[in-house]
Amino acid sequence: MTDLTRRAFGVLLAGTAAAAMIPASARAEAMLSSLELLAPSSPGSGYDQLARAVQGVLQSKGLVSAVEVVNVAGGGGTVGLAQFVTTRPRKPTALIVGFALVGGVLSTQSAVTLKDVTPIARLMGDVDAIVVPASSDIKTLADLVAKLKENPGAVSWAGGSIGGVDHVTAGLFAKAAGVDPTAINYVVHAGGGEVLASVLGGHATVGISGYEEFRAQVDSGDLRALAVSGETRIEGVDVPTFKESGIDLAVQNWRGIVANPRMKDADRDALTAAIAEMVKSPEWAEALKTRGWIDSYQPADEFGAFLTEETTRIGQALKDAGVL
Amino acid sequence: METFNALMHGFSVATTMGNLGWCFLGVVLSTAIGVLPGIGPALTVALLLPVTYGMEPASAFIMFAGIYYGAMYGGSTTSILLNTPGESASIVTALDGHAMARQGRGAQALATAAIGSFVAGTIATIALTFVAPLMVKLALLFGPADYFALMVLALTTVTAVLGNSLSRGLASLLFGLALGLVGIDLQTGQARFTLGIPELLDGIDVVVVAVGLFAVGETLFTLARHRYETEEIYALKGSKWMSREDWRRSWKPWLRGTALGFPIGALPAGGSEIPTFLSYLTEKRLSKNPEEFGKGAIEAVAGPEAANNASAAGVLAPLLALGLPTSATAAIMLAAFQQYGIQPGPTLFDKQPELVWGLIASLYIGNLMLLILNLPLVGVWVKVLTVPRPWLYAGILLFATMGAYTLNNNITDVVLLWIIGIIGFGMRCFSVPVAPCIVGLILGPLAEQQFRRALTISQGDATVFLTQPLSLSLLIIAALLVILPFILRRRRSAA
């Protein structure tokens, strides 16, 4: 008992000392003392990496004192989403979401959707690239389009899971190029690493995945990047966009953070404030840079509107590709 | 020579007192977390990496190395002692490892696992030092058809674990293959046999099935017969050190396990389980007393454990040479490397030699630390087996249940564990071997994916499996492995 009291006293003392040091403006908003951050996928995946990056910056900046990352994998993220929405949280919890989760909700016909969560912020993005081995006779995006028009089945695409950003981009690309999206020969791989191996080994005709997966091989000349999927070129990377190559399409993968609908208002405001503070920090800029992520921060209301738009667009793309 | 000098420089950086301390800490922490139920290497590494943030790169790497090898090793301890494999790569270890423990040879099983891991880790790290780029070039030649053939080859392992009754063994295999069908079909995104339960969308976790069949099923079976049988002695019999005979029987499997583990680990889609299967099969085929397999043959622990650790080092080859993470653990390591500005890829060895060689030197030291830590611990671990029987069983069931939950923080896995445990109990009652089921469950889905990938790329042309030289030769070896024993037996009986 004495031990506990002593510890409690210590916490109080530290708390008072800390409070005294925080300027009055910041004190108006109560700080979150703890946060559980749920990544709806396995350790090492994209959601997990973002969760751990957020954890690192929030803790090192002292914006939230204890952040715990929990992984719940499955069903393109829908298992994590369902668990997040249906379990009664014992402490403030937030969920990492992204492009693939939107597709996952649609393709698994999940009962729980992103309408059931409260958007907090979009945090980062990355763009896909279409690559071929250096030895391939496909030199430009126009060559690829010509080949697709001739015989779509003869071009095998190595990419990530059905309903994920690679698959949706490939489908949208085909449609924009005037090729039947259901006719393309899309070969699903488990993650960007396998895609890279498949293209490098010359087993698939083209590879489609996040540009970062291919960056080292494009730099070394083992792979040729035909185009990147973003609205604009990647800074410092000499690869044209789809639009520059005459395909009217821009797709960006993104990930963000949402809160539990049952989160207390005060906690949600504190989380929103902490995230807004986090994205301004140099530590966050550094975290984005080391991972090759694009800063695509959007605050809560913009992010909410974006989610609705994106759901419609991805749903349509999946219908066109014959998945839904 | 240049490589050698670079490596020596790496050692000089890694062996300062402070760095050795970090390495030791990494090994201790990851071994401790690795033995916790349901926490596989990937999660162990993910949990511990933040500890290294803010350290000097050299110190951080040496700690990574300790964490990486420690996490890989942790799973085998629970496999041997409690029949509860923590991750899929140590499932094969449980087959004979736990049988050894029940005969009072738990210490020898743990020792051969620890020394085998050290030997394999060291040799594989040497291989990584000198042949990583070449290895990776060869690995890339493997296409979907070749992977499929490799899976078929691994599937012949099932012939080594079928048991006495062909029909029972095949039934178990088919049960495993059927379980492997559950979940979203990757190529089409359609759900199969998920009964509308979202938690089944990603399929049934191999670890849940292995722990269910091994730990829960086996424990229930022993409990059911408890009052009819005299107590077996689990604890230590005789010396806790490996005898001369144990060494004689272990060293070749260590080397063969390494030879299988490293190259398959370096394959982008090789997987950590396949080398352990192939090693088990090889050892049984080469053994003078194959009848001991499944009942506590030390070769069956030595080989797969070495293969497991060598493949962990093999995974680093494509990671460093291509920046290609081929396992969840590797993906986490990659993120950690990037924190320190290491950009793995084709130019890594030229651009950042100091960092790479520092890392490789750290791997050697981490591996040695692991051995130094674990050999003395063997004596402590086997004490677990002296716990009174009812407590031990209760402990195993508790451990298994907790582990199933921790895997994915999901209650569905716990329910599944117990359903499968009860099925395992039934299988045990009717003498149906459980190992073929596990082989089917692990290899079935892998083989199916590669098979379909190969056919999708070839647009439905099935000859693709026979026209590729690699694929064809692997399939021929597989066919021989199945047919030859029959022919030999026929000849022997004719003679």
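Basis of the calculations
Residues numbered from 1 in each chain as written. Chains lettered and ligands numbered in written order. Predicted model: local features only at pLDDT ≥ 70, side-chain atom pairs only at ≥ 80, totals over all residues. Heavy atoms only, no water. Helix = DSSP H or I, 4+ residues; strand = E, 2+ residues; numbered from the N terminus. Rg over C-alpha atoms; globule rule 2.2 N^0.38 Å. Buried < 20%, exposed > 50% of the residue type's maximum accessible area, 1.4 Å probe, protein only. Contact = heavy atoms within 4.5 Å. Areas by Shrake-Rupley, 256 points an atom, 1.4 Å probe, with all protein chains shown as cover. Lys, Arg positive; Asp, Glu negative; His and termini not counted. Charge placed at Lys NZ, Arg CZ, Asp CG, Glu CD. Buried area = accessible area lost by both parts, 1.4 Å probe. Salt bridge = Lys/Arg side-chain N within 4 Å of Asp/Glu carboxyl O. Polar contact = N/O pair within 3.5 Å; in protein donor to acceptor, adjacent residues only side chain to side chain. Nonpolar A, V, L, I, M, F, W, Y, C, P; charged D, E, K, R; others polar. Phe/Tyr/Trp six-rings, centres within 6.5 Å; stacked < 30°, edge-to-face > 60°. 1 Å grid on protein atoms, 1.4 Å probe; cavity = no way out; pocket = protein on both sides within 12 Å on 5 of 7 lines; lining within 4 Å. Points joined across faces, edges and corners; volume = space filled by probe spheres on them. Axes fitted to C-alpha atoms, helices over the stretch in contact; angles between N-to-C directions. Parallel < 35°, antiparallel > 145°, perpendicular 65-115°, else oblique. Left-handed = near helix turned anticlockwise from the far one by under 90°. Pairing = 2+ DSSP bridges. Right-handed = clockwise from strand over helix to strand, strands pointing away. pLDDT = per-residue confidence, 0-100.

Focus on the overall build of chain B
Then step 1. Scanning chain B for helices and strands turns up 21 helices and two strands.
Then step 2. For 495 residues, the compact-globule estimate of 2.2 N^0.38 gives 23 Å, and the C-alpha radius of gyration of chain B, at 22 Å, lies within 12% of that figure.
Then step 3. Dimensions of chain B along its principal axes, counting C-alpha atoms only, are 60 × 60 × 55 Å.
Then step 4. Counting all 495 residues of chain B, 59% fall into the buried class.
Then step 5. The long-range share in chain B, meaning contacts at least 24 apart out of those at least 6 apart in sequence, stands at 79%.
Then step 6. Carbon and sulfur atoms provide 69% of the accessible area of chain B, an area that totals close to 19,500 Å².
Then step 7. Mean positive and mean negative side-chain charge positions of chain B (28 and 26 charges, respectively) differ by 12 Å.

A look at the interface of chain B and chain A
Then step 1. Taken together, the contact pairs 40 residues of chain B with 39 residues of chain A.
Then step 2. Across the chain B/chain A interface, buried area totals approximately 3,100 Å², and carbon plus sulfur atoms make up 57% of it.
Then step 3. Here R453 of chain B and E194 of chain A are joined by a salt bridge, their closest N and O atoms 3.0 Å apart.
Then step 4. Across the chain B-chain A interface, the total number found is twelve residue pairs in polar contact (both at pLDDT 80 or more).
Then step 5. When residues of the side of chain B that touches chain A are traced back to their parent elements, those giving at least two are α3 (41-48), α14 (328-339) and α19 (435-457) of chain B.
Then step 6. Take the side of chain B that touches chain A: its biggest share by element is six residues, from α14 of chain B.
Then step 7. Here the residues of the side of chain B that touches chain A sort into 23 nonpolar, 14 polar and three charged.

Details of the packing of aromatic side chains
All names here are of chain A.
Then step 1. According to the stated counting rule, one finds twelve aromatic pairs over all chains in the structure shown.
Then step 2. Note on F173 and F242: the rings are 5.2 Å apart at their centroids and 40° apart in plane angle, and the pair reads as tilted. Highlighted residues: F173 in helix α7 (residues 165-176) and F242 in the loop between β9 (223-228) and β10 (253-259), separated in sequence by 69 residues. In this pair, the class of F173 matches that of F242, namely buried.

A look at empty space enclosed by the protein
Leftover empty space is mapped by rolling, across the atoms, a probe with the size of a water molecule.
Then step 1. According to the stated counting rule, one finds six cavities of 30 Å³ or more in the structure shown.
Then step 2. By volume, the largest cavity amounts to about 110 Å³.
Then step 3. Along the wall of the largest cavity there are 15 residues; nearest its centre are E194, A197 and S198 of chain A together with F142 and Y147 of chain B.
Then step 4. Breaking the lining of the largest cavity down by element, the ones donating at least two residues are α8 (192-200) of chain A together with α6 (106-140), α7 (144-155) and α19 of chain B.
Then step 5. Element by element, the count of residues in the lining of the largest cavity is highest for α8 of chain A, at three residues.
Then step 6. Of the residues in the lining of the largest cavity, the class split is eight nonpolar, five polar and two charged.

What about the environment of Q339 of chain B?
Then step 1. As for its placement among the helices and strands, Q339 of chain B is situated in helix α14.
Then step 2. C-alpha of Q339 of chain B to C-alpha of G54 of chain B: the two residues are 285 residues apart in sequence and 9.7 Å apart in space.

Let's talk about the packing of α6 of chain B against helix α13 (residues 299-322) of chain B
Residues and elements named next belong to chain B.
Then step 1. The contact between α6 and α13 brings their axes to 6 Å, and the two run at 30°. As judged from the angle between their axes, α6 and α13 are roughly parallel. In terms of crossing hand, the pair formed by α6 and α13 is right-handed.
Then step 2. Across the contact of α6 with α13, the residue classes tally to 20 nonpolar, six polar and one charged.

Observations regarding the pairing of strand β7 (residues 185-188) of chain A
Residue and element names in this part refer to chain A.
Then step 1. Judged by which residues are buried, β7 turns out to be covered on both faces: N185 and V187 on one side and Y186 and V188 on the other are all buried.
Then step 2. Sheet topology note: the strand β6 (residues 156-159)/β7 ladder contains four bridges and is parallel. The residue bridging A158 from the neighbouring strand is V187, located in β7.
Then step 3. After leaving β6, the chain enters α7 and then returns to the sheet as β7, a path that is right-handed.

Description of the confidence of the model for chain B
Then step 1. Looking at chain B as a whole, its pLDDT mean stands at 85, while 96% of the residues score no less than 70.
Then step 2. Reported confidence for the predicted complex is 0.79 by ipTM and 0.84 by pTM.

Section: the side chain of Q55 of chain A
Residue and element names in this part refer to chain A.
Then step 1. Note that Q55 resides in helix α3 (residues 46-60).
Then step 2. Given the relative accessible area of 13%, Q55 is considered buried.
Then step 3. Non-local contacts of Q55, meaning those with residues more than four positions away in its chain, are made with L37, V67, E68 and V69.

Points about the pattern of salt bridges
Then step 1. According to the stated counting rule, one finds 22 salt bridges over all chains in the structure shown.
Then step 2. When the shortest N-O distance is used, the salt bridge between D137 of chain A and K147 of chain A registers 3.4 Å. Of this pair, D137 of chain A sits in the loop between β5 (128-133) and α6 (141-150) while K147 of chain A sits in helix α6, placing them ten residues apart in sequence.
Then step 3. Overall, the relative accessible area of 56% leaves D137 of chain A in the exposed class.
Then step 4. The partner of R268 of chain A in a salt bridge is D265 of chain A, with the nearest N and O atoms 3.4 Å apart. Here R268 of chain A pairs with D265 of chain A, and both are found in helix α10 (residues 265-280), just three residues apart, close to one helical turn.
Then step 5. A relative accessible area of 23% means that R268 of chain A is categorised as partly exposed.
Then step 6. Among the charged side chains, a salt-bridge network with shared partners connects D185, R192, E448 and R452 of chain B.

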